[in-house]
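Listed below, chain by chain, are the residues.
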Amino acid sequence: MKVQLQQLLEQTVASLKQQGIIPADAQPRVQVDRTKDKSHGDLATNLAMMLSKAAGKNPRELAQLIIDNLPESSLVTKVDIAGPGFINFFLNPLWLVEQVEAALIDPRLGIEPIADPQTIVVDYSSPNLAKEMHVGHLRSSIIGDAVTRTLEFQGHKLVRQNHVGDWGTQFGMLLAYMEELQAKGQEINSNLSNLEVFYRAAKQRFDESEAFATRARNLVVELQSGDEHCNQLWREFNEVSLSHCQETYDRLGVSLTRADVRGESAYNDDLNQVVADLDQAGLLKEDQGAKCVFLDEFKNKDGDPLPVIIQKKDGGFLYATTDLAAMRYRQRELNADRVLYFVDARQGLHFQQVFTVARNAGFVKPATSLEHMPFGTVMGEDGKPFKTRSGTVAKLADLLTEAQNRAYDLVKSKNPDMAEQDLRNIADVVGIASVKYADLSKNRTSDYMFSFDQMLSFEGNTAPYLLYAYTRVASVFEKAEVNASELTGSVLLEHEKELDLASKLVQFNEVITSVARLGYPHLLCNYLYELAGLFSSFYEACPILKAETEAQKQSRLKLAWLTARTLKQGLSLLGINTLERM
RNA sequence: GCGCCCUUAGCUCAGCCGGAUAGAGCAACGGCCUUCUAAGCCGUAGGUCGAAGGUUCGAAUCCUUCAGGGUGCGCCA
């Protein structure tokens, strides 16, 4: 509804320009805000105050002219001038009814597919295969996934890229340890079942034995030079580690698959070409034996231009090189219009640098948008980066199990007589949803405090609150013994709570647009929480099955139904499943 | 030293391309289950928006300075 009003005001501005009331070169950003106070109507604009100076009129006088020139529309019933020159708009309930009815009969809830779809490459999750996924991977995986799903729903073409860390020096250590186990006749697969343990054991051998360490370093060289034995071990290791990741994705409801994996190693063959291209472009300089690109935009400690090291003096490559190769690939092969990186905020400088290099080298077209979507660190309750009591980083799988167990206890206490299987299913969904929602509902860019108790409190602004609202609708329909498709009559917005609910329902598309543009899933969380809240109030204040008239009952069932579908769709964009019962 | 980010209620967080009395949740206190699931609803209380200047009709929001915290800055990723 904001958008519609904005369009009306744009027309008004054009008309006022024609009449010479405001200068033709004025380019006001037409801003429409939702009001906080009902006495100010539903929507307001400050347009008159913005333009008053340019028009040489006092704001209230100009406001009147704006109102006089506003095109006819069924959107609003009343327009007022208030305070210093605000224009307040009162929404026409009949217009709301139309919107609600239209959304009800549309599988996409009234949200049109986007007119100009883009190819959007999303780089997210990207764990290091040397270790098991831990809490640190949670944010990238689920925030990236939520934004990906939202963009996909809008109608864009999404290419997921799981840029896993499957290359680098630490693999020498791991391969050496695999060799050692093999020599002892041990089953490697079972040893790899717990990657954390495996990694620590390999590290220990590396630290305690010089011979082992030497072997590890040699294996890195052999691996990079394409030695078949080495590559065999390496593939075996990655296979196991990737299947661990996939288990976690499936459990978490992250939409990544094996087909989306394109790890660092996939760019090995491109690295020399990247160096050659940079050299060709005249960007490369040798410094202290390393090949670097110096960027005047960035300074180091001494105020000198900051280098991006492309190739080490020993000939090895660094992650900047791989990232550049990936950008080149994403432009040339994937034809990206937009590339999003859901990566820790601490890598901000790195991305600023490689984005700049990639542009200077022509790896990406000027029109292609490269966007680092940073997120903050997950902190423990002591305010330091999250660790377990033993000081190690918490395994993601253990975290999820803990969440599901806590949810199970709660579900059981609420439903003592429920069948075990059902309890388990509900608890699993609630547990996962809680963990995801706790993260998604916070502003991506800030660090946040990880707390089991808050994440799994199941009260207030949490996933269970939203799921609960959804099950209430499901329950009503079960009791009513009607199908949504059988509902008759038109929506009636008589009660204040009905109006509020309808008004919120109609705002769904605005939120999706914002999430898609900015990559902030918490905006959708906020919206869904407000929607569920308004529904809960409506549910208390407006009896559905015991409504006063049949027409009222039908209307309320429709409102409830659209609420449920909006919640389900919204949660689905967040990668969260709903339940019919809990 | 330089860059980026942060500082809002006791706690955890929204709000930040300026807008009308600063919002939630938790915790606290008081109501509401013979009526559609109380994982809920209704209400009370709680804030010099880190500090000081500035721009503006109007600043939590923009600019400057300062304080405190975080994070990053050449051969790890």
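Note that the structure is a prediction, hence the values are computed from the model and not measured.

(A) How the structure looks around helix H8 (residues 195–208). Here H8 is 14 residues long and its end C-alpha atoms lie 20 Å apart, about the 20 Å a rise of 1.5 Å per residue gives. Residues of H8 that are buried include every one of Leu195, Glu196, Phe198, Tyr199, Ala201 and Ala202, and no others. For H8, the elements touching its buried residues are helix H6 (170–183), helix H7 (188–191), helix H9 (210–224) and helix H10 (228–252). With a side-chain oxygen positioned 3.1 Å from the backbone nitrogen of Glu196, the residue opening H8 is Asn194.

(B) Focus on the protein's contact with RNA strand B. What surrounds RNA strand B is a group of 64 residues, the closest being Asp37, Glu264, Lys312, Tyr468 and Tyr539. Of all RNA strand B atoms lying within 4 Å of any protein atom, the proportion belonging to sugar or phosphate reaches 58%. A distance of 2.8 Å separates a phosphate oxygen of RNA strand B from a polar atom in the side chain of Lys312. Between a base nitrogen of RNA strand B and a main-chain N or O atom of Ile544, the distance comes to 3.1 Å. Of the residues belonging to the surface near RNA strand B, the class tally is 28 nonpolar, 16 polar and 20 charged.

(C) Just the packing of H10 against helix H14 (residues 396–414), in detail. Relative to each other, H10 and H14 sit at 30°, their axes nearing to 11 Å. Comparing the axis directions of H10 and H14 gives the class roughly parallel. In the packing of H10 onto H14, the handedness of the crossing is left-handed. For the pair formed by H10 and H14, the contact residues are Thr248, Arg251 and Leu252 on the first element and Leu396, Ala397, Leu400, Thr401 and Gln404 on the second. Among the residues making up the contact of H10 with H14, the classes are represented as 4 nonpolar, 3 polar and 1 charged.

Conventions used here
Residues numbered from 1 in each chain as written. Chains lettered and ligands numbered in written order. Predicted model: local features only at pLDDT ≥ 70, side-chain atom pairs only at ≥ 80, totals over all residues. Heavy atoms only, no water. Helix = DSSP H or I, 4+ residues; strand = E, 2+ residues; numbered from the N terminus. Expected span 1.5 Å × (residues − 1). Buried < 20%, exposed > 50% of the residue type's maximum accessible area, 1.4 Å probe, protein only. Contact = heavy atoms within 4.5 Å. Polar contact = N/O pair within 3.5 Å; in protein donor to acceptor, adjacent residues only side chain to side chain. Near = heavy atom within 4 Å. Nonpolar A, V, L, I, M, F, W, Y, C, P; charged D, E, K, R; others polar. Axes fitted to C-alpha atoms, helices over the stretch in contact; angles between N-to-C directions. Parallel < 35°, antiparallel > 145°, perpendicular 65-115°, else oblique. Left-handed = near helix turned anticlockwise from the far one by under 90°.

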